[in-house]
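Structural overview for review
This is what each chain is made of:
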Amino acid sequence: DSAYALSILREDTTFILADVVYVETDHTTSGNTDFSITIKNVPAGVTIDGMTYNSLDGGFYTLSGNGNQTAIVNALQAINVTPISNDNTDSTNILATDLAFDIELTTYAVGGSSNSAIINFTASVLPVTDPMTLTVVNDGSTLEDTDQTFSITLDNVADCLLYTSDAADEED
């Protein structure tokens, strides 16, 4: 019922919920039990696959099953989470930019009683540099042994990077 403390997530990279959550059940009786996994408070833009989305109460995802601890872990292995595209944790504002949502595991006993555990999952999302576009523009053709003015632009729209340099090429 706790999240791994050293979860490393990467921007634009899907992860399996079982890779970042550890679940251990305490069965006092033998056999299988009904269970449900619910994810709430998912930030807009985060994609959850392998669960059913329900728009009630602000929206949540759910997956139900029956089995022992292995069945619960297998269910977690079927849940894929993709962080917001081109978004990562801002080192100047970690608390506001970490990926965070709530995970609830509920097990049901015969007769209607249930046990629940809630994980307030939070993890930093490391940046991944997206490919850049390199553009070189000159001022047209030039004669030999003449200065040539040109500009170089490096552009990465996904990471909001733009660098332009104007330079003159001089041969000695």
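For every chain, the first residue of its written sequence is number 1, and the numbers climb from 1 along that sequence. For a predicted model such as this one, the threshold for reporting local features is a pLDDT of at least 70, and the threshold for listing and counting side-chain atom pairs is 80 or more; totals across whole chains, interfaces and linings nevertheless cover every residue. By convention in this description, side-chain values take in all heavy atoms of the structure and omit both hydrogens and water.

**Thoughts on the nonpolar core**
By nonpolar core is meant a set of buried Ala, Val, Leu, Ile, Met, Phe, Trp, Tyr and Cys residues that side-chain atoms within 4.5 Å join together. Whether a residue is buried, partly exposed or exposed follows from its accessible area with a 1.4 Å probe, protein chains only, as a fraction of its type maximum: under 20%, in between, or over 50%, in that order. Leu17, Ile37, Ile39, Ile79, Ile103 and Phe121 are the most contacted members of the largest nonpolar core, which totals 27 residues. Comment: elements are numbered from the N terminus, with helices defined as DSSP H or I runs of at least four residues and strands as E runs of at least two. Every element with two or more residues in this core is listed here: strand E5 (33–40), helix H1 (69–77), strand E10 (99–108) and strand E11 (114–123). Looking at which element gives the most residues to this core, the answer is E10, with 4 residues. By definition, residues are in contact when any of their heavy atoms lie within 4.5 Å. Non-local contacts of Ile39, meaning those with residues more than four positions away in its chain, are made with Leu17, Ile48, Met51, Phe60, Tyr61, Ile79, Phe101, Asp102 and Ile103.

**Regarding unusual backbone geometry**
What is expected of a backbone is that most residues other than glycine have negative phi and most peptide bonds are trans. Not every positive phi belongs to a glycine, and Asp57 is a case in point at roughly 50°. Among the structural elements, Asp57 can be located in the loop between strand E7 (52–54) and strand E8 (60–67). At Asn86, a position not held by glycine, the phi torsion is positive, near 55°. Looking at the secondary structure, you find Asn86 in the loop between strand E9 (80–82) and helix H2 (94–97). Accessibility expressed as a relative area gives 31% for Asn86, which makes it partly exposed.

**Some words on empty space enclosed by the protein**
A 1.4 Å probe that fits but cannot get out identifies a cavity on a 1 Å grid over protein atoms alone, an open set with protein on both sides within 12 Å along at least five of seven lines counts as a pocket, and a residue lines either if it has an atom within 4 Å of a point. Grid points are joined across faces, edges and corners, and a volume is the space filled by probe spheres set on the points. Within this structure, the stated rule accounts for 1 cavity of 30 Å³ or more. The calculated volume of the largest cavity comes to roughly 90 Å³. Looking at the largest cavity, it is lined by 11 residues, and the ones nearest its centre are Val21, Val23, Ile103, Leu105 and Ile119. Top element by residues in the lining of the largest cavity is E10. It accounts for 3 residues. Side-chain classes follow a simple rule in which Ala, Val, Leu, Ile, Met, Phe, Trp, Tyr, Cys and Pro form the nonpolar group, Asp, Glu, Lys and Arg form the charged group, and the remainder, Gly included, forms the polar group. Of the residues that constitute the lining of the largest cavity, the class distribution is 9 nonpolar, no polar and 2 charged.

**A closer look at the packing of aromatic side chains**
For any pair of aromatic rings, geometry is given as the distance between the ring centres together with the angle between the planes. For this analysis, a ring pair means two rings from Phe, Tyr or Trp (six-membered ring only for Trp) whose centres lie within 6.5 Å, classed as stacked if their planes differ by under 30 degrees, edge-to-face if by over 60, and tilted for the remaining angles. One pass over the full model with this rule turns up 3 aromatic pairs. Through pairs of rings, three or more aromatic residues link up here, namely Phe15, Phe101 and Phe121.

**A look at the pairing of E8**
Looking along a regular strand, one sees the side chains alternate between the two faces of the sheet. Criterion used throughout: strands pair if DSSP finds at least two bridges between them. Pairing of E5 with E8 involves 8 bridges; the strand directions are antiparallel. Bridging from a neighbouring strand, Ser36 pairs with Ser64 of E8. Here E7 pairs with E8 via 3 bridges, running antiparallel. Paired with Tyr53 across the two strands is Tyr61, which belongs to E8. Hairpin connection of E7 to E8: 5 residues between the antiparallel strands, including Asp57 at a positive phi of 50°.

**Section: the confidence of the model for the protein**
For every residue, the predictor states its confidence as a pLDDT score lying anywhere from 0 to 100. With 85% of its residues at a pLDDT of at least 70, the protein reaches an overall mean of 82. When pLDDT is averaged over each element of the protein, E7 comes out on top at 97 and strand E1 (residues 2–3) at the bottom at 45. A low-confidence stretch, residues 1–6 stays under pLDDT 50, and its non-local contacts, those more than four residues away or across chains, total 17 contacts.

**What about the side chain of Thr33?**
Structurally, Thr33 is set in strand E5. Within 3.5 Å is the distance limit for a polar contact, defined as a pair of N or O atoms, with the added protein rule that one can donate a hydrogen and the other accept it, and that residues adjacent in sequence qualify only through two side-chain atoms. Of the polar contacts made by the side chain of Thr33, one reaches the backbone oxygen of Tyr108; its length is 2.4 Å.

**Concerning the environment of Val42**
Residue placement: Val42 occurs in the loop between E5 and strand E6 (47–49). When the C-alpha positions of Val42 and Pro83 are compared, they lie 9.9 Å apart, and in sequence the two are 41 residues distant. The residues contacting Val42, other than those within four sequence positions of it, are Ile48, Tyr61 and Phe101.

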